[in-house]
Amino acid sequence: MKKLGSLSALLAVLLSLSISPLVAAQESPTGLWKSIDDKTGKPKSLIRITETGGELTGKIEKLFRDPDTDQNPKCDKCEGTNKAQPIIGMTILTGLKKDGDEYNGGKILDPENGKLYSSKLSVTDNNKKLNVRGYIGMAFIGRSQVWIREQ
């Protein structure tokens with residue numbers, strides 16, 4: 001009976017070790033994220049990140065705005081096809097590809113100023129947080145936000 005208990009314990013350890021890489025591999029930025037303003041610390045928007053052909057795309061699904069402001073503003077400062085388009089439904093994150101533990105090589109649009117920045121991101125805190133960095137040129141010249149997973 002003692003050998004059976006030891007065998008069960010050994011199987012439990014082996015099973016947990018074999019599952020650990022699967023759990024780590026499942027950490028993914030796809031899903032719904034709440035962006036938090038890096039200046040105010042308040043929720044700013046909900047962004048749905050999807051993956052197609054190994055590239056991430058992020059689209060704004062909801063804005064958190066004061067009741068006395070326009071609830072579906074247009075991107076007046078944007079250029080090109082986004083000019084004067086509603087911010088809700090706008091794709092703001094494009095072209096990110098997996099690169100080790102990060103996703104790099106993408107662009108992020110800031111609808112407040114209409115500017116497009118290089119971007120990178122990484123999943124942290126057991127797939128509950130997303131570190132998002134927008135920058136010009138070198139990654140150390142830019143801004144970072146932490147987004148919180150909604151689903």
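Residues numbered from 1 in each chain as written. Predicted model: local features only at pLDDT ≥ 70, side-chain atom pairs only at ≥ 80, totals over all residues. Heavy atoms only, no water.

*Asks:* Break down the overall build of the chain for me, citing the residues and quoting the values.
*Replies:* A tally of regular secondary structure across the chain gives 1 helix and 8 strands. Overall, the chain shows an N-to-C arrangement of helices and strands of α-β-β-β-β-β-β-β-β. Counting the 151 residues in the chain, one finds 32% classified as buried. For the chain, the share of sequence-separated contacts (at least 6 apart) that also reach a separation of at least 24 residues comes to 37%. (Helix = DSSP H or I, 4+ residues; strand = E, 2+ residues; numbered from the N terminus. Buried < 20%, exposed > 50% of the residue type's maximum accessible area, 1.4 Å probe, protein only. Contact = heavy atoms within 4.5 Å.)

*Asks:* For the side chain of S119, give the residues involved together with the corresponding values.
*Replies:* The topology assignment puts S119 in strand β6 (residues 115–124). Relative accessible area serves as the criterion here: at 1%, S119 is assigned to the buried category. Within the structure, the side chain of S119 is placed 3.4 Å from the backbone nitrogen of K107, a separation counted as a polar contact. With residues near it in sequence (within four places) discarded, S119 still touches L93, L96, Y103, N104, G105, G106, K107, I108, R133 and Y135. (Polar contact = N/O pair within 3.5 Å; in protein donor to acceptor, adjacent residues only side chain to side chain.)

*Asks:* I'd love a proper account of unusual backbone geometry, names of residues and values included.
*Replies:* Even without being a glycine, N126 presents a positive backbone phi close to 55°. By the element assignment, N126 lies in the loop between β6 and β7 (129–135). The phi dihedral of N127 falls on the positive side, at around 75°, and the residue is not glycine. Within the fold, N127 resides in the loop between β6 and β7. Look at N127 and you get buried, because its relative accessible area is 18%.

*Asks:* If you had to explain the environment of N104 to someone new, which residues and values would you point to?
*Replies:* Summarising the element assignment, N104 is placed in strand β5 (residues 102–110). Take N104: its relative accessible area is 18%, and that puts it in the buried class. Taking C-alpha positions, N104 is 6.8 Å from L121, a pair spaced 17 residues apart along the chain. Filtering out sequence-adjacent residues up to four positions away, N104 remains in contact with G95, L96, K97, D99, S119 and K120. For N104, the side chain forms a polar contact with the side chain of E102, separated by 3.5 Å.

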